[in-house]
Amino acid sequence: MTNYKPSLERLSQLITLLKDSACRRMTRQLLNMGTDPTQIMEVCQKSLIDIGHKYETGEYFIAGLIMAGDIMKQIIDMVMPYVKTPQVPSGRGKVLIGTVAGDIHDLGKNMAGAMLTTYGYDVKDLGVDVRPEQFLEETWRFQPHIIGLSSLMTSGHGALTQTVQLIRQQVPLEARPIIFISGAMIIESVKKRSGADYVVNNVAETVFLCERVMLEAKGEQNAKQPAAK
Ligand code: B12
């Protein structure tokens, strides 16, 4: 068997070839070498997009998607403990997340949830196949600052739009959460049509935007407070 030097490029090839034990070995080697865990996750995400294309073109079947999901989950589990926990206090903001109705893809959502928890956010995860009414109910109960909706399939865009619009219609302006949408098939036009505030494409972007939203919210709160005498 050829011995390859550990590299992100090789990991990507191994994922695309669905070699699960070799992927685990390579991930372990990369982590031991001090590779940035978020870089490993980005490589995985890209490789899974390639696998999606192979499924579309008939090179891989549903079993390929299942194996890819399984490999991704194993790599996330190995990598997460290596994500450096910043020195942040807890209770930085409340984030409600879930995958929209009709969709059971959850790896990206779980990754985003784990990362936000690490960064001190209070995350409530509603799971997968979540109806718009469930998101609304939990918005009343949990009162999130941010809602993150995951939708990996084009067929889920209707549910995404319904969810955003239901929350927009029912929640009064002063309590209105910022809504993020995310997933493989989401493009800017979907954001416009749905009425969501932001599209996020990866976990780094998600954390960055949450920080920005919370800073802006705090700024507004301070502006409303009477100046100290
Ligand atoms: C793995 C996989 C599966 C696994 C999912 C396992 C799991 N537990 O999630 C299984 C096998 C179950 C599956 C099933 C199906 N799948 Co599938 N799947 C994929 C695949 C290959 C990878 C998805 C993935 O996990 N990516 C890795 C993660 C980390 O990336 P991500 O989801 O993009 O998430 C990142 C960001 O978007 C963001 N993010 C994501 N979610 C969230 C949420 C929040 C709150 C935040 C803040 C951020 C955030 O952060 C993440 C990390 O950076 C994609 C291909 C692709 N292009 O993505 C197809 C894909 C999504 N699947 C597809 C299809 C067609 C199906 C099936 C219909 C197949 C079938 N015939 O049954 C079923 C659908 C079942 C259903 N009703 O939901 C199509 C959808 C095509 C379309 N136009 O709609 C795709 C695009 C493949 C393709 N190119 O054809 N699938």
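Here, every reference points to the structure presented above.
What you see is a predicted model; the values in this text were computed from it and never measured. (Residues numbered from 1 in each chain as written. Predicted model: local features only at pLDDT ≥ 70, side-chain atom pairs only at ≥ 80, totals over all residues. Heavy atoms only, no water.)

Peer 1: Summarise the pattern of salt bridges; cite the residues concerned and give the values.
Peer 2: According to the stated counting rule, one finds eleven salt bridges in the structure shown. Close ionic contact of Lys109 with Asp125 constitutes a salt bridge, the shortest N to O distance being 2.8 Å. With Lys109 in helix 5 (residues 107-118) and Asp125 in strand 2 (residues 122-125), this residue pair connects regions lying 16 residues apart in the sequence. For Lys109, a relative accessible area of 5% translates into the label buried. We note a salt bridge from Glu138 to Lys124, for which the minimum N-O separation is 3.3 Å. On the criterion of sequence distance, the pair formed by Glu138 in helix 6 (residues 132-142) and Lys124 in strand 2 is long-range, its members being 14 residues apart. One network of salt bridges, in which partners are shared, links Lys124, Glu137, Glu138 and Arg141. (Salt bridge = Lys/Arg side-chain N within 4 Å of Asp/Glu carboxyl O. Helix = DSSP H or I, 4+ residues; strand = E, 2+ residues; numbered from the N terminus. Buried < 20%, exposed > 50% of the residue type's maximum accessible area, 1.4 Å probe, protein only.)

Peer 1: Report on the sheet that holds strand 4 (residues 178-182), specifying residues and quantitative values.
Peer 2: Across the sheet, which stays open at both edges, the five strands sit in the order 2-1-3-4-5 with parallel pairing between neighbours. Taken across any chain shown, the strands that pair with only one partner, and hence form the sheet edges, are strand 2 and strand 5 (198-200). For this sheet, the mean inter-axis angle between neighbouring strands, taken without regard to orientation, is 25°. Note: strand 1 (residues 94-99) against strand 2, four bridges, orientation parallel. By the bridge assignment for strand 2, Lys94 is matched with Asp122. This element, helix 6, spans strand 1, strand 2 and strand 3 (146-150) of the sheet and lies at about 165° to strand 1. (Pairing = 2+ DSSP bridges. Axes fitted to C-alpha atoms, helices over the stretch in contact; angles between N-to-C directions. Contact = heavy atoms within 4.5 Å.)

Peer 1: Which residues make up the packing of aromatic side chains, and what are the values?
Peer 2: The relation between two aromatic rings is expressed through the spacing of the ring centres and the mutual angle of the planes. A full pass over the atoms with the stated rule returns one aromatic pair. Centroid distance Phe180 to Tyr198: 5.7 Å. Interplanar angle 90°. Geometry classified as edge-to-face. In this pair, Phe180 is assigned in strand 4 and Tyr198 in strand 5, connecting sequence segments 18 residues apart. Accessibility expressed as a relative area gives 22% for Tyr198, which makes it partly exposed. Directly above the aromatic system of Tyr60 lies the positively charged group of Lys54, at a separation of 6.0 Å from the ring centroid. One cation-aromatic arrangement involves Lys94 over Phe142; the distance from NZ or CZ to the ring centre is 5.2 Å. (Phe/Tyr/Trp six-rings, centres within 6.5 Å; stacked < 30°, edge-to-face > 60°. Lys NZ or Arg CZ within 6 Å of the ring centre and 35° of its normal.)

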